[in-house]
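Residues per chain are reported as follows:
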Amino acid sequence: MKSLLLAISFFFLTFSGFAQQYVPFYGTVVNQVSSTNIIDHLTEFENLGVKRRGTSALQNTLDWLKAEYQGYGYSAAQLQEYSFTNGTSICKNLVVTKVGTLYPNTYVIICGHYDTINGRGTNDNGSGVVTILEVARLLQNIPTEYSIKFINFSGEEDGLVGSQHFVSTVVNATNPKMDIKLVFNIDEVGGRANMVNNTITCERDTGSPTSNNAASNTITNELMNCVELYSPLNTNLSYAYASDYMPFEDNNEVITGFFETNETPHRHTSTDLLVNMDPVYVYNIAKAATGAMLHFAVAATILSNDTTIANQVSLYPSPAKGFINISIGSLNESNYTFSLIDLNGKKVLEKTIENPQLIETVSLDGLAKGMYLAVFETSKERLTKKIIIE
């Protein structure tokens with residue numbers, strides 16, 4: 001039955017002109033999902049305790065997440081914390097940004113909450129947390145055309161407080177407003193022990209505003225095809241509700257999501273524990289999510305052995321007009337120097353960046369139109385790239 005459904009999906013997508021096919025390189029990446037990582041991270045998440053607002057367990061979980069991302073090679077500049085008031089407590093969202101190669105200002109967001117209520121929350125939502133971690137680990141060194149934001153929200157269990165704060169104070173406060181290609185939310189995907197967990201529910205937007213529903217339906221169908229292509233799971237199509245994609249949906253963004261099909265009876269209780277879950281199911285979810293993110297962010301289809309500075313630093317827009325952005329990717333540098341040299345060999349601009357952010361903007365005011373040699377230098381390395389100023 002599964003092969004028949006896959007064949008029908010291929011026929012429909014090909015007929016529609018949007019064929020989705022298995023990408024061999026994506027398959028090799030997906031096959032690197034680690035079942036050991038999944039179980040170890042679920043265990044670690046569970047051992048951190050009840051992650052309620054205002055507790056040391058919530059802060060300890062945030063610190064654990066930051067250490068994991070940095071252990072994968074993400075730099076301190078790629079990690080951002082956004083604080084907000086939740087009741088009488090200060091909580092934090094953690095955002096890890098990977099800059100895209102062609103569309104650095106357009107984001108694919110993969111998100112899930114790390115706070116819990118009434119229990120350790122190993123399923124709700126430790127399962128989503130460990131899935132996102134595994135996707136982040138595998139995509140860290142793979143160039144993607146679109147930028148990615150891996151977001152761990154707090155305050156979900158108090159009424160989507162963290163994600164609403166992010167939409168209000170970051171997405172809509174960016175000038176111009178943050179350009180989001182899609183939001184992929186993962187919440188409670190642990191399955192049930194002693195049951196056959198072979199189907200994942202894929203969620204699409206069916207609410208108001210309705211202007212984003214068609215795009216959400218398209219993206220969710222792409223998600224379902226990725227599940228079929230890169231994991232052994234079947235799919236169930238349903239609707240989105242009551243999780244961190246909803247503030248984005250209300251903001252007219254395109255959303256999709258994963259939710260377990262065999263719903264746990266242990267949600268929001270002290271028995272939401274690994275022993276009552278199916279870790280093999282989470283492993284397969286991680287494979288499906290990895291394949292989907294490779295597809296959504298348009299990852300490279302071959303991995304270069306070149307791990308030099310050239311693969312880390314990006315300059316955009318190209319051509320540049322008025323300013324240029326410098327992204328240092330996962331480089332950990334306390335400072336660097338950026339300079340421009342014209343065709344006559346004259347240095348026309350030099351700027352030293354101290355304690356750099358992930359993206360620094362350099363003004364090009366006063367420079368003539370034409371081609372320049374951009375020079376990026378650290379204490380150890382030097383990179384040159386040609387840029388055009390319009």
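Relevant structure appears above.
Note that the coordinates shown come from a computational prediction; the quantities given were computed from them, not determined experimentally.

Asker: Break down the packing of aromatic side chains for me, citing the residues and quoting the values.
Answerer: Throughout the structure, instances matching the rule amount to 14 aromatic pairs. When the centroid spacing of 5.8 Å and the interplanar angle of 80 degrees are considered together, the rings of Tyr82 and Phe166 count as edge-to-face. Note that Tyr82 is positioned in strand E1 (residues 79-86) and Phe166 in helix H6 (residues 161-171), a separation of 84 residues in sequence. Phe166 matches Tyr82 in its accessibility class, with the two residues each being buried. Put simply, the rings of Tyr82, Phe153, Phe166 and Phe248 pair up and form one aromatic cluster.

Asker: Requested: an account of the environment of Leu65, with residues and values cited.
Answerer: Following the sequence through the fold, Leu65 ends up in helix H4 (residues 56-71). Judged by relative accessible area, Leu65 falls into the buried class, the value being 0%. Distance from Leu65 to Asn118, taken between C-alpha atoms, is 21 Å for residues 53 residues apart in sequence. Ignoring sequence-local partners within four residues, the contact set of Leu65 consists of Leu94, Tyr114, Val129, Leu133 and Asn152.

Asker: Got a sec to walk through the packing of helix H3 (residues 35-47) against H4? Specific residues and values, please.
Answerer: Closest axis-to-axis distance for the H3/H4 pair is 10 Å, and the angle between their directions is 155 degrees. When the axis of H3 is compared with that of H4, the two are roughly antiparallel. As for the relative orientation of H3 and H4, their crossing is right-handed in sense. On the side of H3, the interface is formed by His41, Glu44 and Phe45, while H4 contributes Thr61, Trp64 and Glu68. Its residues assigned to classes, the contact of H3 with H4 comprises two nonpolar, two polar and two charged.

Asker: Lay out the sheet that holds strand E15 (residues 382-389) with the relevant residues and their values.
Answerer: What the four strands build is an open sheet, ordered E12-E11-E14-E15; its pairing is antiparallel. Across the chains shown, the open sheet's two edge strands, defined by having one partner strand only, are strand E12 (347-354) and E15. On average, each strand axis in the sheet is inclined to that of its neighbour by 20 degrees, with strand direction left out of account. Taken together, the five bridges between strand E11 (residues 335-341) and strand E14 (residues 370-377) define a ladder with antiparallel strand orientation. If you follow Thr337 over to E14, its bridge partner there is Glu377.

Asker: Would you mind going over a nonpolar patch on the surface in detail, with residue names and values included?
Answerer: Taken together, Leu343, Met371 and Ile388 make up a surface patch of nonpolar side chains, about 300 Å² in accessible area. Structurally, Ile388 can be placed in strand E15.

Asker: Explain the nonpolar core to me, using residue names and the numbers behind them.
Answerer: Formed by 65 residues in total, the largest nonpolar core has its most connected members in Tyr69, Ile110, Phe150, Phe184, Ile200 and Phe258. The element that contributes the greatest number of residues to this core is helix H9 (residues 279-296), accounting for ten residues. The contact partners of Phe184, leaving out residues within four places of it in the chain, are Ile109, Ile110, Cys111, Leu223, Thr256, Gly257, Phe258, Ala289, Ala292 and Met293. By size, the runner-up hydrophobic cluster in this structure holds 24 residues, among which are Ala77, Leu340, Leu358 and Ile387.

Criteria and cut-off values
Residues numbered from 1 in each chain as written. Predicted model: local features only at pLDDT ≥ 70, side-chain atom pairs only at ≥ 80, totals over all residues. Heavy atoms only, no water. Phe/Tyr/Trp six-rings, centres within 6.5 Å; stacked < 30°, edge-to-face > 60°. Helix = DSSP H or I, 4+ residues; strand = E, 2+ residues; numbered from the N terminus. Buried < 20%, exposed > 50% of the residue type's maximum accessible area, 1.4 Å probe, protein only. Contact = heavy atoms within 4.5 Å. Axes fitted to C-alpha atoms, helices over the stretch in contact; angles between N-to-C directions. Parallel < 35°, antiparallel > 145°, perpendicular 65-115°, else oblique. Left-handed = near helix turned anticlockwise from the far one by under 90°. Nonpolar A, V, L, I, M, F, W, Y, C, P; charged D, E, K, R; others polar. Pairing = 2+ DSSP bridges. Patch = residues over 30% accessible without salt bridge, like charges linked within 9 Å, V, L, I, M, F, W, Y side chains within 5 Å. Areas by Shrake-Rupley, 256 points an atom, 1.4 Å probe, with all protein chains shown as cover. Salt bridge = Lys/Arg side-chain N within 4 Å of Asp/Glu carboxyl O. Core = buried A, V, L, I, M, F, W, Y, C linked by side-chain atoms within 4.5 Å.

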